[in-house]
Structure formats: structure tokens, C-alpha cells
Amino acid sequence: MLPSRWIKVVSFLRVGSCIAVLAQEDSLQASIIDRSTLDGKLFVGYQAWFRKPFEDNGNSHWTTSLSDPGLTLIHYVVGVDMVPNITGYPEECLFDTSFTLPDGKPAQFYTNDCEWVVDLHFSMMANYGISGAFIQRFYGYINEANGGWVNILNYAKTAAEKYGRGFVIEYDLNGAATGSTNVTDTFLADLEALSSITSSPAYMHQNGKPVLEIWGLGIVTEVTVDDGIAIVTALKNAGWYVILGVQQAWHAELAADQPGGFGPVYKLAHMIQPWTVGSYDVNNYDEFHDGRQAIEDRNALQQLGLESSIVVWPGGSSSNANPSEVFDHFPRWNGTFYQKQLDGAISLKPNFIFGAMFDEVNEGTAIFPVLRNRELPTNQRFLGIDDDMEPDIYLKKAGDAASKLAAAWQGD
Ligand SMILES: *[C@@H]1O[C@H](CO)[C@@H](O)[C@H](O)[C@H]1NC(C)=O
Ligand SMILES: *[C@@H]1O[C@H](CO)[C@@H](O)[C@H](O)[C@H]1NC(C)=O
Ligand SMILES: *[C@@H]1O[C@H](CO)[C@@H](O)[C@H](O)[C@H]1NC(C)=O
């Protein structure tokens, strides 16, 4: 299962002598990504919000309730549609659930505040040739009392360094509101507090600046246009390379130049990343790609002189977290939907591809190994991948796309 690249990284890390270092030099060089540029790479979004529920009141998306009196993950509060395949996870990072596997044993979930979970996830990225991760940092949890998220960021930093990957902090604006908080101030103070993390050699740079992404300007409507301008301006002045994760039809908003529109904010970004999760399905993706992605986005970006990132996602289902949602809303079609998007993105040669998401089992967009249909618990409806698929199929596809995009950039 493990491609030799991963084994070489591990053997290097475990052998201390100079001779071993020299002998491994070539493979090590190949296995450490260049952190000075995003160009020609594929990064995944990493939610890292799957902590053991009911324990520390931390952000947990295994469940939609943080106050279950029975301290079990019972059906009506389950927050995920897919079940992780926990092969390779250390036992100390797992816990039993009330979901029964076909062999009668309880299904186990992992807790993200266990360092070895984050370590394993980054080893998977290295293993399959994925460049690294954009670690989500949720506005509403920036000042979390027990520091849980900062621990996870530190684990990610350590793992990215260990496995030769890159990482970036991505603020998710959910929870921010111009009326009740100074968002700029919060970001600047947070970045100051996180300087030991962003100074890591594994932290990604672009055009000489450390990279930061802000997701949700124009999507999280509680943050105004004026505030958006203040936030992006301040972060740029502080030396950051700023990527904005924006609504899929951002260029229409820009072109219309309507009062109250976010056009003036988009123009300030260094890079635009339209959020396309849920914007098309397998039937109308080609149309979307040929029209909106290839023509409208490209024209708008060229006009503004901005760099670009394209989002890809394997499918989606979030019916357990949101009972009004259709189960298997965006079917994966056994990987063909994902492959179409990866090929489409490579053909447009963006600066980098963003894989949404590495681990998001709550919205059914996870690409890490999850259970197949026949392996699923029998006492709750979950979505599996096809029985004849390998559990790592989506990691392989993402890694293959990373190599192809890198080759396209090297061809210049
Ligand atoms: C999980 O993944 C492993 C490794 O690919 C595989 O051998 C196993 O069959 C999968 N399913 C379960 C239920 O562990
Ligand atoms: C918000 O904080 C920034 C940075 O500290 C400051 O420059 C700005 O004036 C503040 N905005 C308001 C409305 O207080
Ligand atoms: C492929 O995927 C679709 C939808 O995700 C599913 O309905 C179908 O049964 C799968 N299997 C094959 C062999 O097509």
C-alpha cells in the first residue's frame, strides 16, 4: 500500500548517520516540496474539527450537539455522512461510537486533538504526493479558552516539517461580524500570537511573502464591504500574500459593480479562489468549466492581474448534519466526477489546485480513506464509497493531479 516515497522519508528521519543522510539525499529532495511557491501544486483543505464530542466543549463535527447527557454519539446528533476508515490510526486516538459495524463491533471515530492523527494525515499527503494543507482557522474559535485549535496548528506544523509538506493558515470568516468585533484587529493579534507557527520552514510563501487565505468575504454577510477593504489592506500592509476564497460567481458581482458589491474587495486580493463546492454536478460540470471557469473567471483575473486557484471536490452529502438536505446530493460516480474536475483544473493551469476537503466527512467531501458501502454501520444511514473501490482512490487521484499540474508548470 505504501509507495516507496513515504518509506524513504521515514527511513531518513529515523536514521541519524551522515552516510545514511547522503544515501537518501536524492529521494529526500524529491520528497520535500518547495515552500517558496504555490505554483504547480495541489493543496487540500484540512478542517481538523473532529474532536471527541462532549469532552472539552471544543469544536467537534462528529456531532451536531455538544450537550448529550448520555455522553454517547447517538443517532439523532450524528453530524457526519461518511465514516473514516481507521486503519493505521493509533488506538489511543480512537473512541467507540454507538454505530454497529457489520461484524457487530462498534464503529470507531478519531479525535483530532491527538497529535498522531494529524501526523498520520500529513503522512498520507506525503505518501500520495499531495503538497500539503490549508489549515482552517474558524473566526468563532480564535480565542478558544483551552487553546485546542492552537495545539492542532502546532501538530500540523510539526507534521508538515517532518513529512516535507507545506501548510498555510486559512481563516474561515464564519462567526465574524463587523458590527460586534474588529475583524482586522482580531486577525493581526492572532497572527502575532501565531508567529512561532507561521515562521516554520514548512509555511508556504508566494512571491516572497507568507501566504494567508481568508475564506468568506462576500459569503459571510455579517462582514461588510468596507470592513473587507480594511481587513485585506491591513493584512497586505503587514506583509502577507492574501488569497480570498469567494463566491463562485464573484466575477458577475465585480462586473456589475453594484453598490454594496464586493468588487472593490476582490480587486485588492493577490489571488482569487472561487468556492465551487455545490456549484455543479457530474452532468453540468463541463458546461461550468468551459464557460464560467475557463472564460469568465480567466477574463476577470486577467483584467485585474490576479493569480488564481481552482477548487475541486469529490462529491457531497450532508444529510445527517442537516436533515433537510438530500442524501448523496452530489454523487461521486466512483471517482469520475472528481477526475473530471481535476483534469479540467489542470487544463486551465491555475497557480494551484485546492482540494476541498481532505477530511470533511460531515459534508461528504472527504478524500481520505472512508468506509465502503458494505463496511458501513448497520444502525444509521451513512454514505460509503463503492464496494469495488480502493479506500485510497481519492488520495491517488489528487496526488496524480498534483504531478500533472507540476509538470504543466515545469513545461514553461
Ligand atoms: C480500510 O482500509 C484498509 C487499508 O486500505 C483496508 O485493508 C480495509 O479493508 C479497509 N476497510 C476497513 C473496514 O478497515
Ligand atoms: C480595527 O483595528 C484596526 C487595527 O488595530 C484599526 O486600525 C482600526 O481603526 C479599527 N477599526 C475600528 C472601526 O475601530
Ligand atoms: C458508480 O457511482 C454511482 C453514483 O455515485 C453509483 O450509483 C453506481 O452504483 C456506482 N457504480 C458503478 C459500477 O457504476
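To be clear, the structure that these remarks concern was listed above.
Now for a look at the structure at hand. (Residues numbered from 1 in each chain as written. Chains lettered and ligands numbered in written order. Predicted model: local features only at pLDDT ≥ 70, side-chain atom pairs only at ≥ 80, totals over all residues. Heavy atoms only, no water.)

1. A word on the overall build of the chain
Phase 1 of the analysis: Scanning the chain from N- to C-terminus turns up 12 helices and 11 strands.
Phase 2 of the analysis: Looking at the chain as a whole, 57% of its 412 residues qualify as buried.
Phase 3 of the analysis: Here the analysis covers contacts within the chain between residues at least 6 apart in sequence; of these, 75% occur between residues at least 24 apart. (Helix = DSSP H or I, 4+ residues; strand = E, 2+ residues; numbered from the N terminus. Buried < 20%, exposed > 50% of the residue type's maximum accessible area, 1.4 Å probe, protein only. Contact = heavy atoms within 4.5 Å.)

2. Details of the environment of Glu-390
Phase 1 of the analysis: Within the fold, Glu-390 resides in the loop between strand S11 (352–355) and helix H12 (393–410).
Phase 2 of the analysis: Distance from Glu-390 to Arg-372, taken between C-alpha atoms, is 8.6 Å for residues 18 residues apart in sequence.
Phase 3 of the analysis: Excluding residues within four positions of it along the chain, Glu-390 makes contact with Arg-372 and Ile-385.

3. Observations concerning the environment of Glu-161
Phase 1 of the analysis: Along the chain, the position of Glu-161 falls in helix H4 (residues 148–162).
Phase 2 of the analysis: Owing to a relative accessible area of 33%, Glu-161 belongs among the partly exposed residues under this scheme.
Phase 3 of the analysis: A sequence separation of 40 residues divides Glu-161 from Pro-201, and the C-alpha atoms of the two residues are 7.1 Å apart.
Phase 4 of the analysis: Setting aside its immediate chain neighbours within four residues, Glu-161 contacts Arg-35, Ser-200, Pro-201 and Ala-202.

4. Focus: the pattern of salt bridges
Think of it this way: side chains of opposite charge can pair up when their charged atoms draw near.
Phase 1 of the analysis: Under the definition given, this model contains nine salt bridges.
Phase 2 of the analysis: Across the pair Arg-137 and Asp-190 runs a salt bridge, and its minimum N-O distance is 2.7 Å. One end of the pair, Arg-137, is in strand S4 (residues 132–138); the other, Asp-190, is in helix H5 (residues 183–193), with 53 residues separating them in the sequence. Comparing Arg-137 with Asp-190 shows no difference in burial state: the two are buried.
Phase 3 of the analysis: Salt-bridge contacts for Asp-286 lead to Lys-340; the nearest nitrogen and oxygen are separated by 3.0 Å. (Salt bridge = Lys/Arg side-chain N within 4 Å of Asp/Glu carboxyl O.)

5. Let's talk about the nonpolar core
Across soluble globular proteins, nonpolar side chains have a tendency to be buried as a group.
Phase 1 of the analysis: Counting residues in each nonpolar core, the largest one holds 132 residues, and the members touching the most others are Leu-38, Phe-122, Phe-187 and Leu-244.
Phase 2 of the analysis: Of the residues forming this core, the biggest block, eight residues, is contributed by helix H3 (residues 115–128).
Phase 3 of the analysis: Apart from the residues lying within four places of it in its own chain, the contact partners of Phe-187 are Tyr-139, Ile-142, Tyr-171, Leu-173, Ile-214, Ile-231 and Leu-235. (Core = buried A, V, L, I, M, F, W, Y, C linked by side-chain atoms within 4.5 Å.)

6. Details of the side chain of Ser-319
Phase 1 of the analysis: Looking at the element boundaries, Ser-319 is found in the loop between strand S10 (307–312) and helix H11 (336–348).
Phase 2 of the analysis: Residue Ser-319 is classed as buried on the basis of its relative accessible area of 4%.
Phase 3 of the analysis: There is a polar contact of 3.4 Å between the side chain of Ser-319 and the side chain of Arg-381. (Polar contact = N/O pair within 3.5 Å; in protein donor to acceptor, adjacent residues only side chain to side chain.)

7. Observations concerning the state of the cysteines
Phase 1 of the analysis: Across all of its chains, the model carries one disulfide by this definition.
Phase 2 of the analysis: One disulfide bridge connects Cys-93 with Cys-114, the sulfur atoms lying 2.0 Å from each other. The disulfide joining Cys-93 to Cys-114 has a torsion of about -50° about its S-S bond and is therefore left-handed. A residue pair is termed long-range when its members are at least 10 positions apart, and Cys-93 in the loop between strand S1 (41–46) and strand S2 (94–100) and Cys-114 in the loop between strand S3 (106–110) and H3 qualify at 21 residues. Just as Cys-93 is buried, Cys-114 falls in that class too. (Disulfide = S-S within 2.5 Å.)

8. With respect to the packing of aromatic side chains
Phase 1 of the analysis: Summed over all chains, the structure comprises 33 aromatic pairs.
Phase 2 of the analysis: Ring geometry for Tyr-46 and Phe-358: centres 5.9 Å apart, planes at 80°, overall edge-to-face. Residue Tyr-46 is located in strand S1, and its partner Phe-358 is located in the loop between S11 and H12; the two are separated by 312 residues in the primary sequence.
Phase 3 of the analysis: Since its relative accessible area comes to 0%, Tyr-46 is described here as buried.
Phase 4 of the analysis: According to the relative accessible area criterion, Phe-358 is buried, its value standing at 0%.
Phase 5 of the analysis: Residues Phe-358 and Phe-368 carry aromatic rings whose centres are separated by 5.6 Å and whose planes lie at 70° to one another, so their mutual orientation is edge-to-face. Here Phe-368 lies in the loop between S11 and H12 and Phe-358 lies in the loop between S11 and H12, a separation of 10 residues in the sequence. With respect to class, Phe-358 is no different from Phe-368; both count as buried.
Phase 6 of the analysis: An aromatic cluster of at least three residues, connected via ring pairs, comprises Tyr-46, Phe-50, Trp-62, Tyr-89, Phe-95, Phe-99, Phe-109, Tyr-110, Phe-122, Phe-358, Phe-368 and Phe-382. (Phe/Tyr/Trp six-rings, centres within 6.5 Å; stacked < 30°, edge-to-face > 60°.)

In short, geometric facts, not functional conclusions.
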